[in-house]
Amino acid sequence: MNSLGGWHLQSSQLRSVCVLSRLCFILALATLYVSAQGLEVVQSGKRRWVDPHWFRGNSYFRIGLEWIRTALLEGWRLIRLVAFFSNSDPEPAMASRPQHRQRSYRLEFQFCSFSYSPD
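Residues numbered from 1 in each chain as written. Predicted model: local features only at pLDDT ≥ 70, side-chain atom pairs only at ≥ 80, totals over all residues. Heavy atoms only, no water.

1. Some points on helix 2 (residues 60-74)
An α-helix turns once every 3.6 residues. As a result, residues three or four positions apart point the same way.
For step 1, the next point in the chain: Given a rise of 1.5 Å per residue, 15 residues ought to cover 21 Å, and the 20 Å separating the end C-alpha atoms of helix 2 matches this to within 8%.
For step 2, the next point in the chain: Within the span of helix 2, buried status applies to Tyr60, Phe61, Ile63, Gly64, Leu65, Glu66, Trp67, Ile68 and Ala71.
For step 3, the next point in the chain: Residue Gly75 follows helix 2 closely and has a positive phi angle near 80 degrees. (Helix = DSSP H or I, 4+ residues; strand = E, 2+ residues; numbered from the N terminus. Expected span 1.5 Å × (residues − 1). Buried < 20%, exposed > 50% of the residue type's maximum accessible area, 1.4 Å probe, protein only.)

Spelled out as structure tokens, the structure:
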């Protein structure tokens, strides 16, 4: 894992297609589990325990990863079942407050063109 919370796949220096395929499968499962753990942390209201950002600064993956790291040290509970009940994010991530304000308050215009046949 790198310091940003992702996987360092290129540092494995593996060249076998079969071995890389298995590794990618394991990393996909790990990503799914870590993201589900992060979602559970947010839904249980414990996000502040591992995410100090005030307005959803970290992703579910990062929140889950921090929870798992701390759980191994502090004995916190981990999820036993991975389940996603919706494909919509109740708390969408944002990069920064200025970007969020810019997107929220931008004006959108629609252009409608009509063509009538002459009488």
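We are not done yet, so read on.
2. As for helix 1 (residues 17-43)
For step 1, the next point in the chain: The end-to-end C-alpha distance of helix 1, which contains 27 residues, comes to 39 Å, matching closely the 39 Å that a straight helix rising 1.5 Å per residue would cover.
For step 2, the next point in the chain: Where helix 1 is concerned, the buried positions are Leu27, Val34, Ser35, Ala36, Gln37, Gly38, Leu39, Val41 and Val42.
For step 3, the next point in the chain: Buried positions along helix 1 lie against helix 2. (Contact = heavy atoms within 4.5 Å.)

3. Comments concerning the packing of helix 1 against helix 2
For step 1, the next point in the chain: At a minimum axis separation of 7 Å, helix 1 and helix 2 run at an interaxial angle of 90 degrees. Classified by the angle their axes make, helix 1 and helix 2 are roughly perpendicular. For the pair formed by helix 1 and helix 2, the contact residues are Thr31, Tyr33, Val34, Ser35, Gln37, Gly38, Leu39, Val41 and Val42 on the first element and Tyr60, Phe61, Ile63, Gly64, Leu65, Trp67 and Ile68 on the second.
For step 2, the next point in the chain: Split into classes, the residues belonging to the contact of helix 1 with helix 2 amount to 11 nonpolar, 5 polar and no charged. (Axes fitted to C-alpha atoms, helices over the stretch in contact; angles between N-to-C directions. Parallel < 35°, antiparallel > 145°, perpendicular 65-115°, else oblique. Nonpolar A, V, L, I, M, F, W, Y, C, P; charged D, E, K, R; others polar.)

4. Describing the nonpolar core
For step 1, the next point in the chain: Grouped together as the largest cluster of nonpolar side chains are 8 residues: Leu39, Val41, Val42, Val50, Tyr60, Ile63, Trp67 and Ala71.
For step 2, the next point in the chain: Listed by contribution, the elements that provide at least two residues to this core are helix 1 and helix 2.
For step 3, the next point in the chain: Leaving out residues up to four positions away in the same chain, Ala71 has contacts with Trp76 and Leu78. (Core = buried A, V, L, I, M, F, W, Y, C linked by side-chain atoms within 4.5 Å.)

5. Considerations on the confidence of the model for the chain
For step 1, the next point in the chain: With 85% of its residues at a pLDDT of 70 or more, the chain shows a mean pLDDT of 80.
For step 2, the next point in the chain: Mean pLDDT across the elements of the chain bottoms out in helix 3 (residues 97-104) (73) and peaks in helix 2 (91). (pLDDT = per-residue confidence, 0-100.)

6. Some thoughts on the environment of Arg62
For step 1, the next point in the chain: One can find Arg62 in helix 2.
For step 2, the next point in the chain: Residue classification places Arg62 among the partly exposed residues on the basis of a relative accessible area of 21%.
For step 3, the next point in the chain: It is 8.6 Å that separates the C-alpha atoms of Arg62 and Asp51, two residues lying 11 residues apart in sequence.

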